[in-house]
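Here are the chains, one letter per residue:
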Amino acid sequence: MVLSVGVVAHDRRKREMADWLEKHKDVFANMRIFATGTTGRVLQERFTELDVHPLKSGPFGGDQQLGSMIAHGELQAMFFFTDPMTPQPHDVDVRALIRLANMYEVPIACNQSTADLLISNPRFEEICEQYRNHSPEQVFADYSNRKV
Ligand SMILES: O=C(CO)COP(=O)(O)O
């Protein structure tokens, strides 16, 4: 099955993300890429051959759209180059997206070295598939079944 992945970069890391993607273009050619708005525009301009779907810009809800896709089981991996030196007006959205990736066992790389580790793993697709139907409702059954 074709993997759907999220690709996001904060402004000071957009160039780095595009350069990194260039190195792995062959792998991403077989994937659907969902990106926050501005990241998506940068990628579309540079890679006309890739299947890039820009959502809203991060601060306008793009991070939350990606989070919603994760909660619906629609994203199998995230590449999110965050900027650790610049306060973000939508920091709550950034944290919410990372939290949902954690919760749903979606592999998430927040820097280039981790992204390299993920994408160079020969079992990358197999592992993404393995966790595709991961259910936090079952893992946290005590919460799901709590008396209210
Ligand atoms: O802010 C972002 C992620 O938190 C990225 O959004 P843009 O890709 O629209 O710049």
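Residues numbered from 1 in each chain as written. Predicted model: local features only at pLDDT ≥ 70, side-chain atom pairs only at ≥ 80, totals over all residues. Heavy atoms only, no water.

1. Thoughts on the site of the ligand
And step 1. Lining the immediate surroundings of the ligand are 16 residues, of which Lys 14, Thr 36, Thr 39, Ser 57 and His 90 lie closest.
And step 2. Between the ligand and Gly 58, the relevant distance is 3.0 Å, taken from an oxygen atom to a main-chain nitrogen or oxygen of the residue.
And step 3. The contact in question runs from an oxygen atom of the ligand to an N or O atom on the side chain of His 90, over 2.7 Å.
And step 4. When the free accessible area of the ligand is taken as 300 Å², the share hidden by the protein chains comes to 96%.
And step 5. At the level of elements, β1 (3–9) and α3 (37–46) are the ones that each hand at least two residues to the shell around the ligand.
And step 6. The element contributing the most residues to the shell around the ligand is α3, with three residues.
And step 7. Grouping the constituent residues of the shell around the ligand by class yields five nonpolar, eight polar and three charged. (Near = heavy atom within 4 Å. Polar contact = N/O pair within 3.5 Å; in protein donor to acceptor, adjacent residues only side chain to side chain. Areas by Shrake-Rupley, 256 points an atom, 1.4 Å probe, with all protein chains shown as cover. Helix = DSSP H or I, 4+ residues; strand = E, 2+ residues; numbered from the N terminus. Nonpolar A, V, L, I, M, F, W, Y, C, P; charged D, E, K, R; others polar.)

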